[in-house]
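Chain by chain, the residues run as shown.
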Amino acid sequence: MKKLLIALLIAVAAVAVITPKIMGSQYQKQLTDVVNAINATPPYHATIVKSKNGWFGSQTTLQIEVDLKKVDPSLANELKKSDFKSELTLQAHYGPVIMDKGFKLALFSFDGQIQGDDLRNSIKWDKNTPLFSLSGLQTLGGKLTFQDTIAPFTATLPSESKSNVIFGGYQGHGSWANHHLTYDSKLDHASIQDTSTLEVKGLTTTLNFEGDLNDLTSGGLKNSDMTIKMAELRVDPLFTAKGLVFQANSQLNKANQVGNLALKTNINQLDYQDENVSDFSMDVTLNQLNNQFFKDYVAFNQQLDPKNTADRTQAMTHFMHDHIGEFFKTTPELVINNVKGTLPNGKFNAQFDGHLTNPHDKMTFEQLSQPDYWLANANVSTAINADKALVKALAEFAIEDQLADNPNIHSLTTQEYNQLVSHQADVLIKQAMDQGAVVTKDGMYHLDISVKQGKALLNGKPSTLLDGQN
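Everything numeric here is computed off the predicted structure, so don't read it as measured data.

A.B. asks: How do you make sense of the packing of helix α8 (residues 388–403) against helix α9 (residues 414–434) when you look at a structure like this?
C.D. replies: When two helices pack together, their arrangement is given by the angle between the helix axes and by the axis-to-axis distance. One way to put it is that α8 packs onto α9 with a least axis distance of 8 Å and a crossing angle of 115°. As summarised for this structure, α8 and α9 are arranged roughly perpendicular, according to the angle between their axes. Crossing of α8 over α9 shows right-handed handedness. Across the interface between the two elements, Val 391, Lys 392, Ala 395, Glu 396, Ile 399, Glu 400 and Leu 403 of α8 pack against Tyr 417, Leu 420, Val 421, Ser 422, Gln 424, Ala 425, Asp 426, Leu 428 and Ile 429 of α9.

A.B. asks: Which parts of the structure should I look at to understand the packing of aromatic side chains?
C.D. replies: Aromatic rings considered in pairs are described by the distance between their centres and by the relative angle of their planes. Summed over all chains, the structure comprises 12 aromatic pairs. Aromatic pair Tyr 297 and Phe 319: ring centres 5.8 Å apart, planes at 70°, arrangement edge-to-face. Of this pair, Tyr 297 sits in helix α5 (residues 291–302) while Phe 319 is found in helix α6 (residues 309–328), placing the two residues 22 residues apart along the sequence. We classify Tyr 297 as partly exposed; its relative accessible area is 33%. Ring centres of Phe 328 and Trp 374 lie 5.9 Å apart, and the angle between their planes is 65°; on these two criteria the pair is classed as edge-to-face. Pair noted here: Phe 328 is in helix α6 and Trp 374 is in helix α7 (residues 371–377), with a separation of 46 residues, a long-range link. On the accessibility criterion, Phe 328 (9% relative accessible area) is buried. Relative accessible area serves as the criterion here: at 27%, Trp 374 is assigned to the partly exposed category. Of the aromatic side chains, those joined through ring pairs into one cluster are Phe 293, Phe 294, Tyr 297, Phe 300, Phe 319, Phe 327, Phe 328, Tyr 373 and Trp 374. In this structure, Arg 120 packs its charged tip against the face of Trp 125, placed 3.9 Å from the ring centre.

A.B. asks: Explain the pairing of strand β23 (residues 455–458) to me, please; I cannot follow it from the model alone.
C.D. replies: Strand residues, when the strand is regular, have side chains that alternate between the two faces of the sheet. Only one face of β23 is covered, namely the one carrying Ala 456 and Leu 458; the face carrying Lys 455 and Leu 457 has none of its residues buried. Looking at chain direction, strand β22 (residues 444–452) and β23 are connected through four bridges and run antiparallel. Counterpart to Ser 450 in the pairing with β23 is Leu 457. Linking β22 to β23, which pair antiparallel, is a turn of two residues; within it Gln 453 sits at a positive phi near 55°. Looking at chain direction, β23 and strand β24 (residues 461–463) are connected through three bridges and run antiparallel. Its bridge partner lying in β24, Leu 458 is registered against Lys 461.

A.B. asks: Mind showing me how you'd approach the side chain of Ser 250 here?
C.D. replies: In this fold, Ser 250 is placed in strand β15 (residues 239–253). From its side chain, Ser 250 meets the backbone oxygen of Lys 222 in a polar contact 2.3 Å long.

A.B. asks: I'm lost on the nonpolar core in this one. Help?
C.D. replies: Buried together is how nonpolar side chains tend to be arranged in soluble globular proteins. Core analysis: the largest hydrophobic core is formed by 34 residues, its most contacted members being Tyr 27, Leu 62, Leu 88, Leu 90, Phe 110, Trp 125 and Phe 153. With residues up to four places along the chain from it excluded, the contact list for Leu 62 reads Leu 31, Val 35, Thr 47, Ile 48, Ser 86, Glu 87, Leu 88 and Leu 90.

A.B. asks: Help me understand the pairing of strand β9 (residues 153–156), please; the structure alone is not making it clear to me.
C.D. replies: Alternating positions in β9 separate cleanly, Phe 153 and Ala 155 being buried on one face and Thr 154 and Thr 156 remaining unburied on the opposite face. Relative to β9, strand β6 (residues 123–124) is paired through two bridges, and the arrangement is antiparallel. When the sheet's bridge partners are listed, Ile 123 is paired in β9 with Ala 155.

A.B. asks: Where do I start with the confidence of the model for the protein chain in this structure?
C.D. replies: Atomic detail in the predicted coordinates should be set aside for any region of low pLDDT. The predicted model of the protein chain has a mean per-residue pLDDT of 85, with 88% of residues at 70 or higher. For the protein chain, per-element mean pLDDT is lowest for helix α3 (residues 73–79), which scores 60, and highest for β15, which scores 96.

A.B. asks: Just checking my understanding: could you explain the pattern of salt bridges for this structure?
C.D. replies: Opposite charge on two side chains makes pairing possible when the charged atoms of those side chains draw close. Tallied over the entire structure, the rule returns six salt bridges. With a shortest N-O distance of 3.1 Å, Asp 426 and Lys 392 are connected by a salt bridge. Linking Asp 426 in helix α9 with Lys 392 in helix α8, this pair joins segments that are 34 residues apart in sequence. Between Lys 430 and Asp 434 there is a salt bridge; the shortest N-O distance is 2.9 Å. Of this pair, Lys 430 and Asp 434 both sit in helix α9, four residues apart, roughly one helical turn. No difference in accessibility class separates Lys 430 from Asp 434, as the two residues are exposed.

Basis of the calculations
- Residues numbered from 1 in each chain as written.
- Predicted model: local features only at pLDDT ≥ 70, side-chain atom pairs only at ≥ 80, totals over all residues.
- Heavy atoms only, no water.
- Axes fitted to C-alpha atoms, helices over the stretch in contact; angles between N-to-C directions.
- Helix = DSSP H or I, 4+ residues; strand = E, 2+ residues; numbered from the N terminus.
- Parallel < 35°, antiparallel > 145°, perpendicular 65-115°, else oblique.
- Left-handed = near helix turned anticlockwise from the far one by under 90°.
- Contact = heavy atoms within 4.5 Å.
- Phe/Tyr/Trp six-rings, centres within 6.5 Å; stacked < 30°, edge-to-face > 60°.
- Buried < 20%, exposed > 50% of the residue type's maximum accessible area, 1.4 Å probe, protein only.
- Lys NZ or Arg CZ within 6 Å of the ring centre and 35° of its normal.
- Pairing = 2+ DSSP bridges.
- Polar contact = N/O pair within 3.5 Å; in protein donor to acceptor, adjacent residues only side chain to side chain.
- Core = buried A, V, L, I, M, F, W, Y, C linked by side-chain atoms within 4.5 Å.
- pLDDT = per-residue confidence, 0-100.
- Salt bridge = Lys/Arg side-chain N within 4 Å of Asp/Glu carboxyl O.

Set out below in structure tokens:
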């Protein structure tokens with residue numbers, strides 16, 4: 001019995017000594033894969049500049065570089081820098097026994113920091129805190145969990161306007177297992193102030209992604225969904241929006257490389273100058289998208305010189321000339337529905353559906369601007385509903401715009417002017433109803449237009465709307 005126990009202890013000790021080397025090799029391979037994935041995603045670039053490997057762990061220094069000219073040439077000019085460089089130091093501990101995060105069984109754990117001391121001349125943050133921190137652990141089952149943070153900071157951009165930046169700190173956490181990535185993050189507050197102000201409060205993001213590293217960094221559509229929420233977005237003096245939710249979902253059939261993209265927007269309250277909209281929503285769906293077109297576009301765009309705007313514009317025009325048929329090959333469809341909101345004078349809702357009747361891989365760039373082509377090859381339908389008081393207010397706005405250049409209105413009193421505007425608006429609405437352009441439905445004004453094979457229906461009746469167009 002004693003010999004068996006001794007043999008068992010020796011076996012356990014041998015595993016504990018030998019296994020870290022095996023797990024260290026796996027960590028190094030994954031680190032190399034991550035670096036390669038970063039380098040395949042312009043404008044980012046990563047280089048392993050220093051590495052010290054041990055039996056039970058390692059320390060690696062990565063140089064992280066962002067080509068600001070490819071992100072935004074104007075931003076590069078404003079910051080007077082062509083790129084951003086900093087070093088990320090990674091400390092790894094190899095399993096199966098991880099002690100740095102408490103006693104845990106895992107393949108490996110890691111902690112990384114960007115101290116960012118070279119940036120302290122332009123960015124101000126807590127002297128005892130790294131600018132960026134990253135930590136994670138991969139379980140014996142292969143699940144990777146991680147957390148990242150960016151410290152709160154303030155900065156003044158070296159531009160003519162001397163823009164002031166306030167960043168309230170960022171926290172994120174996620175996991176990756178069985179080709180499924182989840183990631184959640186939050187930012188309490190951030191603002192940029194110069195001649196105007198951009199301010200974000202209560203920003204959160206949620207990401208779900210299916211695929212491997214190559215799928216994540218490759219161009220084109222992916223199987224993923226993302227939700228972005230903001231408690232408040234203010235662009236002063238233009239608008240203030242509260243309770244914003246943006247959702248994006250993309251689905252890709254890897255067999256035929258055709259995918260769909262769905263975008264949803266919800267805004268609780270939007271104040272634009274003297275106007276306001278509440279409970280606004282809009283859903284946009286793009287179906288039957290040719291993924292090869294988007295992959296070609298990303299690859300082509302990456303090779304262009306970001307500094308030469310004129311050349312980029314010309315090059316992209318040539319790209320569209322050469323690839324427009326590729327985009328329409330799969331008969332893409334655009335659907336806009338659940339468009340609704342509430343204005344001070346009433347509610348409105350609308351929807352739209354448009355698609356080509358057959359594949360058009362031979363379409364030319366010139367045909368995009370030819371109405372005859374679309375009338376012959378596209379099916380379109382749209383429906384709009386609005387409260388009567390809202391339509392009346394819009395009609396009055398149109399009449400006021402027409403009367404603005406009329407010198408005779410200056411002799412009218414305010415009461416006479418308002419009566420004139422109201423009367424003319426009623427006449428305009430009645431004319432539209434007499435012509436069948438507007439009907440009443442469920443107590444609201446309703447407009448329904450559909451076009452199929454070059455023939456138009458207006459509120460369900462044949463219309464001469466397109467006469468002379470084909």
